[in-house]
Amino acid sequence: MQKVTIATDWLESCAGCHMSLLDVDERLFDLLKAVEFTSSPITDLKVPPEAGVDVGILSGAIGNSHQEEVARTMRERSRILVALGDCAVFGGVCVLRNLFARDAVLARGYMETESTDPGSRVPDSEELGALTDRAYPVNQVVDVDVYLPGCPPSADAIHFVLSELVEGRIPVLPDELLHYD
Ligand code: SF4
């Protein structure tokens, strides 16, 4: 049987959603009989293959131009795109910064915290992605097919979603796995 190919990446994220993915634990071994992970933030290969994958999974919100590019590439190369976790689904904690202007956020983060050295400035290297005007949930930038909320989603919920996708079904989370805490 041909394996289902999955690529995953994180955007503006604390990595907790991917830690929860690893919490699937030994059930991963069964999944790996039917699934091939082509790229992830915790493996050497980070970018989904140009040939595309069956399933793309993104955690985190979109808060800078680099993350926007990552999301668009994942969308273009994924037949089904999953938003993993509250930050990806509706912005989560990342959108709290939307209460403030972009320049105020940068000034607070780089120049005004209690532990910042005097004379610090906002970094402006071209190698750094530019902060977007707001933080966005993934579906405000690219189309999303499957939503998996939770902060982070439980390993059981992630296992359910992956199992359904492997069976060729769009997962519909049962009530007991659907939570937003
Ligand atoms: S949803 Fe929660 S666990 Fe996942 S990236 Fe956001 S803050 Fe971290």
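Calculation notes
- Each chain carries its own residue numbering, running from 1 in the direction its sequence is written.
- Residue-level local features of this predicted model are given only where pLDDT is at least 70; pairs of side-chain atoms are given and counted only at 80 or more, and the full residue set underlies all totals for whole chains, interfaces and linings.
- Derived side-chain values reflect all non-hydrogen atoms in the structure, with water molecules and hydrogen atoms excluded from consideration.
- Each reported salt bridge corresponds to a side-chain nitrogen of Lys or Arg within 4 Å of a carboxyl oxygen of Asp or Glu.
- Helix and strand definitions follow DSSP, with helices as H or I runs of at least four residues and strands as E runs of at least two, each counted in order from the N terminus.
- Relative accessibility under 20% of the residue-type maximum defines a buried residue, over 50% an exposed one, and the middle range a partly exposed one, all with a 1.4 Å probe and only protein chains included.
- In these notes, residues near a molecule or strand are those with any non-hydrogen atom within 4 Å of it.
- Gly falls in the polar group here, along with every residue not listed as nonpolar (Ala, Val, Leu, Ile, Met, Phe, Trp, Tyr, Cys, Pro) or charged (Asp, Glu, Lys, Arg).
- Each residue after the first adds 1.5 Å to the expected span of a helix.
- We call two residues in contact whenever any of their non-hydrogen atoms come within 4.5 Å of each other.
- Like-charged residues within 9 Å of one another, or nonpolar side chains (Val, Leu, Ile, Met, Phe, Trp, Tyr) within 5 Å, are grouped into patches, provided each residue has over 30% relative accessible area and no salt bridge.
- Note that accessible areas follow from Shrake-Rupley with a 1.4 Å probe, and for residues the cover is restricted to the protein chains shown.

Asks: Teacher, can you tell me more about the pattern of salt bridges here?
Replies: A side chain with one charge may pair with a side chain of the opposite charge, provided their charged atoms come close. What the rule picks out here adds up to 9 salt bridges. For the salt bridge of aspartate 54 with arginine 79, the shortest nitrogen-to-oxygen distance reads 3.8 Å. With aspartate 54 in strand S3 (residues 53-59) and arginine 79 in strand S5 (residues 78-84), this pair connects stretches of sequence that are 25 residues apart. Among the salt bridges present, the one from arginine 108 reaches glutamate 114, with a minimum N-O distance of 3.1 Å. For arginine 108, a relative accessible area of 39% corresponds to the partly exposed category.

Asks: Just checking my understanding: could you explain the site of the ligand for this structure?
Replies: Neighbouring the ligand are the residues Ser13, Cys14, Gly16, Cys17, Gly85, Asp86, Cys87, Gly150, Cys151 and Pro152. Elements supplying a minimum of two residues to the shell around the ligand: helix H1 (16-22) and helix H4 (86-90). Of the residues contributing to the shell around the ligand, the split by class is 5 nonpolar, 4 polar and 1 charged.

Asks: Teacher, can you tell me more about helix H6 (residues 155-166) here?
Replies: Counting along an α-helix, one turn takes 3.6 residues, and residues three or four places apart therefore face a common direction. In a regular helix each residue adds 1.5 Å, so 12 residues correspond to 16 Å; H6 covers 16 Å between its end C-alpha atoms and thus fits that length. The elements touched by buried residues of H6 are strand S1 (4-10), H1, helix H2 (27-31), S3, S5 and strand S7 (146-148). Positive phi shows up at glycine 168, right after H6, with a value of about 85 degrees.

Asks: Would you explain a nonpolar patch on the surface in this entry?
Replies: On the surface, Trp10, Met19, Leu22 and Ile42 cluster together into a nonpolar patch covering about 340 Å² of accessible area. Positionally, methionine 19 belongs in helix H1.

Function cannot be read off these values alone, since they describe shape.
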